[in-house]
Amino acid sequence: MLMPVLLANAEVRDEYLIAGMRMLREGAHAGDVAEYVARLVEDDPEEHTVGYGGYPNVLGEVELDASFMDGTTLQAGAVAALKGFRHPISVAREVMRRLPHVLLVGEGAARFAREIGAEPREMLSPEARRAWQEHVGMLRDAPDTIALTWQAWRHARGHDTMNVIARDMHGNLCTAVSTSGVAWKYPGRVGDSPLIGAGNYCDSRYGAATCMGLGEAAMRLAAAAQAVTLLRLGWSLVAAGVEVTRQLAQLLGRSRAEHPMRVADWVRVLIMDAQGNVGGFATRDDLCYKVITAETATPLTQRVMCVSVG
Ligand code: ASP
């Protein structure tokens, strides 16, 4: 039997990870645990960047992105810009199970969620509505939604994404990523989180990687797939994490020059290799991640390795 390990962004509550590790110790499959932890985070109203309570788009509508990948079968499922369902991560996993597709978006994703009997829910919490009203609702002079989005981004709140990577006692790796995306985004904007290869990639033979932060950067570099590819080519976990994050930092430097982007300009990458070693890397130094193994009673919070360029 191999050592179960659970890796997540530091914003995931300890109790969720402890519950997930209990399941792994009892022999649960990595996929069931990754989905279980993700569902707990999606229900958490205090988590303003995932599921219920997530910050809405610039029009005040919550649009959710999620993806699931099974590193042993390389099967994956994802939804993007899904409105009105309680657990995007479970809808994403069902896309993998029930359709010959990987990604459904918008109306099609909602149709599928209805057909499989996924639980509908109003995902805009009163608090998220108030935040939207305070930061975006008062912007009345924008001529169109493009201008409104740029104005709103100057007021953007912090953003984040739930990343969970689970390894079970048989060495299966699975990943779950779920987010409301960047706050006050243009309607229909899709980030890296539901894009397999960009914000989520998992191969039990080599490792798994997930991203959070500015999805536009992770997308342009296929960051998660790159990290796992480097592991496949024999790079160490640290070398792979540093290389991908260095590229992200360079790209972010360029995009700051391209756009007057005042917010959302960092990326954090979490990596687990096939042996269950973990690492976190980011383009800023004040971010953390959590890891719990079958041998630790509570999750350990670790600071990311910061990789910046100039
Ligand atoms: N990566 C997410 C996105 O771009 C948001 C975040 O993690 O901050 O949609």
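Rules used throughout
Residues numbered from 1 in each chain as written. Predicted model: local features only at pLDDT ≥ 70, side-chain atom pairs only at ≥ 80, totals over all residues. Heavy atoms only, no water. Axes fitted to C-alpha atoms, helices over the stretch in contact; angles between N-to-C directions. Helix = DSSP H or I, 4+ residues; strand = E, 2+ residues; numbered from the N terminus. Contact = heavy atoms within 4.5 Å. Nonpolar A, V, L, I, M, F, W, Y, C, P; charged D, E, K, R; others polar. Core = buried A, V, L, I, M, F, W, Y, C linked by side-chain atoms within 4.5 Å. Buried < 20%, exposed > 50% of the residue type's maximum accessible area, 1.4 Å probe, protein only. Pairing = 2+ DSSP bridges. Phe/Tyr/Trp six-rings, centres within 6.5 Å; stacked < 30°, edge-to-face > 60°. Lys NZ or Arg CZ within 6 Å of the ring centre and 35° of its normal. Parallel < 35°, antiparallel > 145°, perpendicular 65-115°, else oblique. Left-handed = near helix turned anticlockwise from the far one by under 90°. Salt bridge = Lys/Arg side-chain N within 4 Å of Asp/Glu carboxyl O.

Visitor: Explanation requested: the packing of helix α2 (residues 30-43) against helix α3 (residues 88-98) in the structure shown.
Guide: Working note: a packed helix pair is described by the angle between its axes plus the distance between those axes. Across the interface, α2 lies against α3 with an axial gap of 8 Å and an inter-helix angle of 145°. Taken together, the residues of α3 that come into contact with α2 (itself represented by G31, D32, E35, A38, R39 and E42) are P88, I89, S90, R93 and R97. Of the residues that constitute the contact of α2 with α3, the class distribution is three nonpolar, two polar and six charged.

Visitor: Got a minute to help me understand the nonpolar core in this structure?
Guide: The tendency in soluble globular proteins is for nonpolar side chains to be buried as a group. Within the largest apolar cluster, 37 residues are counted, with the highest numbers of intra-cluster contacts made by L6, V12, V37, V79 and M162. Looking at this core element by element, the count peaks at six residues for α2. Ignoring any residue separated from it by four or fewer positions in sequence, one finds V79 in contact with L64, D65, A66, P88, V91, A92, V95, L103, L104, A109 and P194. Of all hydrophobic cores here, the second largest spans 24 residues; its members include L230, A240, L251 and V269.

Visitor: Would you explain the pairing of strand β10 (residues 278-282) in this entry?
Guide: Within a regular strand, the side chains alternate between the two sheet faces. Across the five residues of β10, four count as buried, placing the element largely inside the fold. Judged from the five bridges that link them, strand β9 (residues 267-273) and β10 form a sheet pairing that is antiparallel. In the strand pairing of β10, L270 is matched with G280. The antiparallel pairing of β9 with β10 creates a hairpin that spans four residues between the two strands, and G276 there sits at a positive phi of about 90°.

Visitor: Would you take a moment to explain the environment of V136 for this structure?
Guide: Mapped onto the secondary structure, V136 falls in helix α5 (residues 126-137). Between the C-alpha atom of V136 and that of N57, which follows or precedes it by 79 residues, the distance is 9.6 Å. Excluding anything up to four places from it in sequence, V136 contacts V58, L148, A152 and W184.

Visitor: What is the right way to look at the packing of aromatic side chains in this model?
Guide: Aromatic ring pairs: the centre-centre distance and the angle between the two ring planes describe each pair. Scanning the model with the defined rule gives one aromatic pair in all. Between the aromatic rings of Y55 and W184, the centroid separation amounts to 5.3 Å while the plane-to-plane angle is 45°, which identifies the pairing as tilted. Of this pair, Y55 sits in the loop between α2 and β2 (64-70) while W184 is found in the loop between β6 (173-179) and β7 (200-203), placing the two residues 129 residues apart along the sequence. The exposure class of Y55 is buried, given its relative accessible area of 6%. W184 gets classed as buried once you look at its relative accessible area, which sits at 0%. The ring centre of Y52 lies 3.8 Å from the NZ or CZ of R121, which sits over that ring. Positioned over the ring face of W266 is R284, at 5.0 Å from the centre of the ring.

Visitor: Help me understand the sheet that holds strand β13 (residues 305-306), please; the structure alone is not making it clear to me.
Guide: Pairing between the strands of a sheet comes from backbone hydrogen bonds, and it takes one of two forms, parallel or antiparallel. A sheet is described by the order of its strands in space; here five strands give the open sequence β7-β8-β9-β10-β13, paired in mixed fashion. Both outer strands of the open sheet, β7 and β13, are each paired with one neighbouring strand and no more. The strands that helix α8 (residues 223-232) touches are β7, β8 (207-213) and β9; relative to β8, the one it contacts most, it runs at about 150°.

Visitor: How should I be thinking about the packing of helix α1 (residues 14-25) against α2 in this particular structure?
Guide: One can describe the packing of α1 onto α2 by two numbers: an axis separation of 9 Å at closest approach and a directional angle of 160°. With respect to α2, the element α1 is oriented roughly antiparallel. For the pair α1 and α2, the sense of crossing is right-handed. For the pair α1 and α2, contact is made by Y16, L17, A19, G20, M23 and L24 and by A30, D32, V33, Y36, V37, L40 and V41, respectively. Looking at the contact of α1 with α2, its residues break down into 11 nonpolar, one polar and one charged.

Visitor: Honestly, the pairing of strand β11 (residues 288-293) in this entry has me stumped. Any pointers?
Guide: With five of its six residues buried, β11 lies for the most part within the structure. Strand direction decides the pairing type here: strand β1 (residues 5-9) and β11, joined by five bridges, are antiparallel. Looking across to β11, one finds that N9 is bridged to Y289. Examined bridge by bridge, β11 and strand β12 (residues 300-303) share four bridges and lie antiparallel to one another. The partner of C288 across the bridge, within β12, is R303. Following β11, the chain reverses through six residues before pairing antiparallel with β12.

Visitor: Sorry, what's going on with the pattern of salt bridges here?
Guide: Two side chains with opposite charge may pair up if their charged atoms get near one another. Under the defined criterion, the tally for this structure stands at 16 salt bridges. In this structure, the salt-bridge partner of R268 is E11, at a minimum N-O distance of 3.2 Å. A residue pair is termed long-range when its members are at least 10 positions apart, and R268 in strand β9 and E11 in the loop between β1 and α1 qualify at 257 residues. Judged by its relative accessible area of 0%, R268 falls in the buried class. The shortest N-O distance in the salt bridge between K290 and D14 comes to 2.8 Å. Here K290, found in strand β11, pairs with D14, found in helix α1; they are 276 residues apart in sequence, far enough to count as distant.

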